[in-house]
Amino acid sequence: MRAWTPHECVAIHSYTLLSEEFVSTSHIPTYEAFLHMADLGPTYRWQKRFLQYLQLGCSNRRWILKSPDHVYGLDKLLTVFPDAVVIQTHRNPVQVVRSQFQLTKVLEGLFGRPGEQYQLGMREARKIGEILDHITQFRDAHPDVAGEFIDVKYSELVSDPLAVVRRIYARLDIRLTDAAAQRMQRLALSRSRYERRGASPTSADPGLDCSAETHRFEGYCSRFGIPCQHSELM
């Protein structure tokens, strides 16, 4: 994390004390329950002011806001930013649970006392399930904003990132210059494929019932055409 590199929106939200950043760094169930019942309107109004300040002197720039946790406030986000387009990346949710488990384990180790590995795995599986249910229910309940969503499969993004970028640019009616495309291609070629780097099976395994977790996500996987193999958790 550096001053001139991208950051997730939760860092801005933290100034309002309504942020998933706190949920990620410390296990406080009462705060998490409070946050998911709270009105996030003030949070997004604060974020708009925050971005307006950052944008002083460069008013023609387009903002790219990024955080999985926007799913909890999509109605407020689209009210405060009515011209927003939502890019939803779809990835094998069983694999996401494993990735989130590893991240949360590191964060809780830095900021608090990490709990039992199995309990952490259960919490992360529940959280991913809630996120997927939340955004799916929102999309079902708001067919009027269906055109504001762009669905991207993670596998396509990894295998041919520039093709995905071209599709997004076309949907947003933005011209992708040759220079920008070349820079993106160089960046994509320089990135790792998230290979395992000596992680031990113990530290990487949430210790969950893989078959049960696969069943939990079947509806989402079927709807968006995402593979949901449980082998990635083993």
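Only a predicted model underlies this, so the values are computations on that prediction, with no experimental measurement involved. (Residues numbered from 1 in each chain as written. Predicted model: local features only at pLDDT ≥ 70, side-chain atom pairs only at ≥ 80, totals over all residues. Heavy atoms only, no water.)

Caption draft 1: Spotlight on the packing of helix H9 (residues 161-171) against helix H10 (residues 178-190). It is at 10 Å that the axes of H9 and H10 come closest, and there the two elements cross at 140°. Helix-helix and strand crossings are classified by hand; for H9 and H10 the assignment is right-handed. On H10, the residues touching Pro 161, Leu 162, Val 165, Arg 166 and Tyr 169 of H9 are Ala 181, Met 184, Gln 185 and Ala 188. When the residues that make up the contact of H9 with H10 are grouped by side-chain class, the tally is 7 nonpolar, 1 polar and 1 charged. (Axes fitted to C-alpha atoms, helices over the stretch in contact; angles between N-to-C directions. Helix = DSSP H or I, 4+ residues; strand = E, 2+ residues; numbered from the N terminus. Left-handed = near helix turned anticlockwise from the far one by under 90°. Contact = heavy atoms within 4.5 Å. Nonpolar A, V, L, I, M, F, W, Y, C, P; charged D, E, K, R; others polar.)

Caption draft 2: Looking closely at the packing of aromatic side chains. A full pass over the atoms with the stated rule returns 6 aromatic pairs. On the basis of an interplanar angle of 50° and a centroid distance of 5.9 Å, the ring pair of Tyr 31 and Phe 34 is categorised as tilted. Here Tyr 31 and its partner Phe 34 are both found in helix H3 (residues 29-37), 3 residues apart, which amounts to about one turn of the helix. With 6.0 Å between their ring centres and 65° between their planes, Trp 46 and Phe 50 make a pair best called edge-to-face. Pair noted here: Trp 46 and Phe 50 are both in helix H4 (residues 41-54), with a separation of 4 residues, about one helical turn. Trp 46 sits in the partly exposed class, given a relative accessible area of 31%. (Phe/Tyr/Trp six-rings, centres within 6.5 Å; stacked < 30°, edge-to-face > 60°. Buried < 20%, exposed > 50% of the residue type's maximum accessible area, 1.4 Å probe, protein only.)

Caption draft 3: Summary view of the nonpolar core. Of all hydrophobic cores here, the largest spans 22 residues; its most connected members are Leu 78, Phe 81 and Phe 149. When contributions to this core are tallied by element, the ones reaching two or more residues are H3, H4, helix H5 (74-80) and helix H7 (117-141). Here this core takes 4 residues from H5, the largest share from any one element. Contacts of Leu 78, omitting those with residues within four sequence positions, involve Ala 84, Val 86, Phe 138 and Val 145. Among the nonpolar cores identified, the runner-up in size contains 11 residues, and Val 97, Phe 224, Ile 226 and Cys 228 belong to it. (Core = buried A, V, L, I, M, F, W, Y, C linked by side-chain atoms within 4.5 Å.)

Caption draft 4: How the structure looks around unusual backbone geometry. Non-glycine residue Leu 17 carries a positive phi angle of around 65°. Mapped onto the secondary structure, Leu 17 falls in the loop between helix H1 (10-13) and helix H2 (20-25). Among the residues examined, Leu 17 registers a relative accessible area of 57% and is labelled exposed. Phi is positive for Asp 173, which is not a glycine, with a value near 55°. Along the polypeptide, Asp 173 turns up in the loop between H9 and H10.

Caption draft 5: Focus on the side chain of Glu 108. Along the polypeptide, Glu 108 turns up in helix H6 (residues 93-111). A polar contact of 2.6 Å, which involves the side chain of Glu 108, links it to the side chain of Arg 123. (Polar contact = N/O pair within 3.5 Å; in protein donor to acceptor, adjacent residues only side chain to side chain.)

From the geometry alone we can't say anything about function, so treat these as descriptive.
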